[in-house]
Structures are given as structure tokens and as C-alpha cells.
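A closer look at the structure
Letter by letter, the chains look like this.
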Amino acid sequence: MIGSPNWFQRRKYSGWGVSPKTWEGWVYIGVAIAIGLLIQFLPIGTEQTKTLITMGLVAVIIIDVVHIMANIPMDERDRIHEAIAERNALWAILFALCGGISWQAVTSVLNKNMEVDPVIIAALVVGLLAKALTNIYLDKKN
Amino acid sequence: MKNTIAQIRKTLGITQEDLAAKTGVTRQTIIALEQNRYNPSLGLAYSITTALKKHSIEEIFELP
């Protein structure tokens, strides 16, 4: 891939993703932004073409960042801290999602219509599947 | 779990960064170990024992 995991560190206090750790990481971000701006300002076709190229650039960056995040060097203490922090974040998100679904269910009943956001339900189902598959994998591996 | 990592490390003239590099962990982990804020895994305890030139884990780590 393009970026090296050694140039970045995982975000701990400001959401998910990575932040630059070395000057190479900052150059990586600068070049990505510069390419994005270049695409917008160069006379290389219609707005639609520019949008498609920008989407392609964003897709490449997302795939590269996921690769970086999956390979950032972490020692055992980092892994434990990440696991605990991500578990707590998950519980907070679950609480918010279930609260949202419950609220929508109650208002649906009171308004005598069925208006529950399918995106929230999909998020809960996807999370459930991710957890189940991870546990199946870990049970087989260990 | 208490340990004598800091004392042995200083006796050998090894920096925290050197010890971290030899044991494959970050300097922050070495600091947490020396301040008794983190208990290492068995593998890490063995790595530290070897890096500090000791023969057994008990020479460095003490159960409460």
C-alpha cells in the first residue's frame, strides 16, 4: 500500500482512525489533500468527471488508511487499552441506538403508525454479526 | 505485582528506550511497568528477564 503504519498512531482521544506520528505521516496527508485540490482546480473535464475521480481518490485513501490501522504496531498494553476503550465505546453506542429504537417504537405506538428507522436496526444487526463472527473465529483460533 | 525493573535497569546502564526496544514494547509500557501500574504477560516477563540478564522471573517480579 501507499502509507506506512510506522508513520501513524491510532487516535485515542478524538474519535477513530489514525493521526500522524512522523513527518512522513504529515507529508502523506498533505499530498492527499493537494491531489484532491488539484483535481478540483485543473481543467480535466466536466464536474461529473472530477467528482468520479475524487471519489476514486477517496476510495484509495480509505482502503490505505484501513490497511494502516490494521497494521499499526501495538504492544500488549496498547492492545489491552484499545480493546477496553473500543468495548466501552460500543456499549455507549449500543445504549444510544437502543434508546433511539425504543423512543421510535413508543412514539410509533402512540401515533398509531410504524416509523422505526431501518438504518438503526441495520446497525444493530451488523454489530451483532460482527461480534458473532469474531467470537467464532477466536474460539477456533485459540 | 511489584518489580525491580528500574533498579536493575539503572545498574546495567540501560535506558527505558533501550529496554523497550529489546523487549518489543513501547517506552510508555516500560514506564507503566516500573511504576507498578501494569502487570506484564508471561511472555513479556520472560523477555524483560532476558534483557536484564537475569535467570528467573522471580528475581525481578514479586507476587503480592
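Below you will find a few notes about this structure.

Take the interface of chain B and chain A next. At the junction of the two partners, chain B supplies 11 residues and chain A supplies 5 residues. Of the roughly 570 Å² buried between chain B and chain A on both sides combined, carbon and sulfur atoms contribute 44%. The tally of links between chain B and chain A comes to 0 salt bridges. When grouped by side-chain class, the residues that make up the side of chain B that touches chain A number 5 nonpolar, 5 polar and 1 charged.

The next thing to look at is helix α2 (residues 16-23) of chain B. Residue pairs spaced three or four apart in an α-helix point in one direction, given the helix's 3.6 residues per turn. Residue and element names in this part refer to chain B. Looking only at α2, the buried set comprises Gln 16, Leu 19, Ala 20 and Thr 23. Angularly, the buried residues of α2 cover 100 degrees about the axis, an arc narrow enough to put them on a single face. Set apart from the buried face of α2 by more than 90 degrees, the exposed residues are Glu 17, Ala 21 and Lys 22. Buried residues along α2 sit in contact with α1 (5-12), α3 (27-34) and α4 (42-51). Directly after α2, the chain includes Gly 24, whose backbone phi takes a positive value near 75 degrees.

The next point concerns the packing of helix α1 (residues 23-41) of chain A against helix α2 (residues 47-71) of chain A. All names here are of chain A. Orientation of α1 relative to α2, taken along the N-to-C sense of each, is 165 degrees, at an axis distance of 9 Å. When the axis of α1 is compared with that of α2, the two are roughly antiparallel. For α1 against α2, the interelement crossing comes out left-handed. Here Tyr 28, Ala 32, Ile 35, Gly 36, Ile 39 and Gln 40 of α1 come into contact with α2, specifically with Lys 50, Ile 53, Thr 54, Leu 57, Ile 61, Asp 64, Val 65 and Ile 68. Residues of the contact of α1 with α2, tallied by class, amount to 9 nonpolar, 3 polar and 2 charged.

Another point: the environment of Asp75(A). You can see Asp75(A) is positioned in the loop between α2 and α3 (76-111). Classification of Asp75(A) by relative accessible area gives buried; the value is 5%. Discounting residues that sit within four places of it in the chain, Asp75(A) has contacts with Gly24(B), Val25(B), Thr26(B) and Thr29(B). A polar side-chain atom of Asp75(A) sits 2.8 Å from the main-chain amide nitrogen of Thr26(B).

All right, on to the nonpolar core then. Among the nonpolar cores identified, the biggest contains 18 residues, and Ile5(B), Leu19(B), Leu33(B), Ile48(B), Leu52(B), Ile60(B) and Phe61(B) are the most heavily contacted of them. When residues of this core are traced back to their parent elements, those giving at least two are α1, α2, α3 and α4 of chain B. A per-element tally of this core places α4(B) first, with 4 residues. With residues near it in sequence (within four places) discarded, Leu33(B) still touches Asn3(B), Ile5(B), Tyr38(B), Pro40(B), Leu44(B) and Ile48(B). Counting residues in hydrophobic clusters, the runner-up holds 6 residues, among them Val18(A), Tyr28(A), Ile68(A) and Met74(A).

So, about helix α4 (residues 118-141) of chain A. Taking 1.5 Å per residue, 24 residues should reach 34 Å; α4(A) reaches 34 Å between its end C-alpha atoms and fits that length. Here α4(A) starts with a cap whose side-chain oxygen sits 2.9 Å from the backbone nitrogen of Val119(A), and that cap is Asp117(A).

Parameters at a glance
- Residues numbered from 1 in each chain as written.
- Chains lettered and ligands numbered in written order.
- Predicted model: local features only at pLDDT ≥ 70, side-chain atom pairs only at ≥ 80, totals over all residues.
- Heavy atoms only, no water.
- Contact = heavy atoms within 4.5 Å.
- Buried area = accessible area lost by both parts, 1.4 Å probe.
- Salt bridge = Lys/Arg side-chain N within 4 Å of Asp/Glu carboxyl O.
- Nonpolar A, V, L, I, M, F, W, Y, C, P; charged D, E, K, R; others polar.
- Buried < 20%, exposed > 50% of the residue type's maximum accessible area, 1.4 Å probe, protein only.
- Helix = DSSP H or I, 4+ residues; strand = E, 2+ residues; numbered from the N terminus.
- Arc of directions from axis to C-beta.
- Axes fitted to C-alpha atoms, helices over the stretch in contact; angles between N-to-C directions.
- Parallel < 35°, antiparallel > 145°, perpendicular 65-115°, else oblique.
- Left-handed = near helix turned anticlockwise from the far one by under 90°.
- Polar contact = N/O pair within 3.5 Å; in protein donor to acceptor, adjacent residues only side chain to side chain.
- Core = buried A, V, L, I, M, F, W, Y, C linked by side-chain atoms within 4.5 Å.
- Expected span 1.5 Å × (residues − 1).

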